[in-house]
Amino acid sequence: MAYQVIIPAAGQGKRMGAGKNKLLVHLHEIPVFIHTLRVFEADHACSEIVLAVNPQEEPEIKRLLKDYGIQKVHSLVAGGTERQHSVYNAIKTLKNDGIVLVHDAARPFIDIPIIHQLAEVAERDGAAIVAVPVKDTIKKVQARKVVTTIERSSLWAIQTPQAFRVSLLLKAHKDAAESGFIGTDDASLIERIGVPVTVVEGSYDNIKLTTPEDLFFAEAIMKKRNSAIKNKGE
Ligand code: CTP
Ligand code: MG
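In the nomenclature of an unreviewed UniProt entry, the protein corresponds to 2-C-methyl-D-erythritol 4-phosphate cytidylyltransferase from the organism Bacillus canaveralius. UniProt lists a comment for the protein under the heading Function (unreviewed entry), and it reads "Catalyzes the formation of 4-diphosphocytidyl-2-C-methyl-D-erythritol from CTP and 2-C-methyl-D-erythritol 4-phosphate (MEP)." Under the heading Sequence similarities (unreviewed entry), UniProt records this for the protein: "Belongs to the IspD/TarI cytidylyltransferase family. IspD subfamily."

### Concerning a nonpolar patch on the surface
Together, W156, I158 and V199 line one region of the surface with nonpolar side chains, adding up to about 240 Å² of accessible area. Topologically, W156 is positioned in strand β10 (residues 156–165).

### A closer look at the nonpolar core
Counting 46 residues, the largest nonpolar core has Y3, F33, L37, F40, L51 and L101 as the members making the most contacts within it. Among the secondary structure elements, those contributing two or more residues to this core are β1 (3–8), α1 (32–42), β4 (46–53), α2 (58–67), β6 (99–102), α4 (112–125), β7 (127–133) and α7 (213–233). If sequence neighbours within four positions are ignored, L51 has contacts with I7, A9, F33, L37, I61, L65, V73, S75, L76 and V77. V77, Y88, A90 and I190 belong to the second-largest nonpolar core, a separate cluster that totals 20 residues.

### Here's the deal with the UniProt feature "site: Positions MEP for the nucleophilic attack" (unreviewed entry) in the protein
UniProt records the feature "site: Positions MEP for the nucleophilic attack" (unreviewed entry) at R152 and K208, using the numbering of this structure. Mapped onto the elements, R152 comes out in the loop between β9 (145–150) and β10. For R152, a relative accessible area of 41% translates into the label partly exposed. Apart from the residues lying within four places of it in its own chain, the contact partners of R152 are V134, K135, D136 and T137. In this structure the side chain of R152 is engaged in a polar contact, spanning 2.9 Å, whose partner is the backbone oxygen of K135. Relative to the helices and strands, K208 is located in the loop between β11 (198–201) and α7.

Cut-offs used in this document
Residues numbered from 1 in each chain as written. Chains lettered and ligands numbered in written order. Predicted model: local features only at pLDDT ≥ 70, side-chain atom pairs only at ≥ 80, totals over all residues. Heavy atoms only, no water. UniProt positions renumbered as here; feature names shortened; annotations may be inferred. Patch = residues over 30% accessible without salt bridge, like charges linked within 9 Å, V, L, I, M, F, W, Y side chains within 5 Å. Areas by Shrake-Rupley, 256 points an atom, 1.4 Å probe, with all protein chains shown as cover. Salt bridge = Lys/Arg side-chain N within 4 Å of Asp/Glu carboxyl O. Helix = DSSP H or I, 4+ residues; strand = E, 2+ residues; numbered from the N terminus. Core = buried A, V, L, I, M, F, W, Y, C linked by side-chain atoms within 4.5 Å. Buried < 20%, exposed > 50% of the residue type's maximum accessible area, 1.4 Å probe, protein only. Contact = heavy atoms within 4.5 Å. Polar contact = N/O pair within 3.5 Å; in protein donor to acceptor, adjacent residues only side chain to side chain.

Structure, rendered in structure tokens:
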């Protein structure tokens, strides 16, 4: 099951407040986005990585790709004002049909077995997303008053990667662009054109580095993984 992957990396990381794109922040001395790219670099099923970047950061990113020996990034595309624009710019450069994954550069803890499961389901169903059951109770609140409590058993927190048939994702993005619709993920664009999306259960480790405390959680996840590797070797 071969796939291509689009990695949007053209954000500003405002909520991280690092004074630069959060993807350039180091985790164990390696930039966040390099951790993410290494997963796909190592996955034999991944044929190509399309990276969407801020044109101002392109020289630095190109240098880092070279320094860290990342070889599957055949093309860099210019990001847009919203994540959705960055992804759309990337989709338009795809030459092959088949399965494409979209994965946030800000989620370095995605695992290859989950990627494979997702790609297989997308091949079967056309659209599939990774998610985990919500642990908190979620309420709808307006003006600090509870409107309603949403039954938790039906709530899932949606992550990336999300996987699609290329032609379907292109159609959904084109349609959204024509109507001026902006969604917070790619699957929502598929949903609005009436195509079902299948959920694949992922991992709570697959966090998106968004605010400063996420860097501490990331350190903890790395520590847990490193000690698991050590224990295996003993
Ligand atoms: N992204 C992008 N183009 C944009 C906005 C976001 O490619 N115009 C990318 C980010 O680089 C990130 C992913 O989409 O890898 C998820 O976005 P998010 O976590 O919101 O990152 P930022 O937009 O950078 O952060 P913030 O919203 O706090 O500014
Ligand atoms: Mg953002």
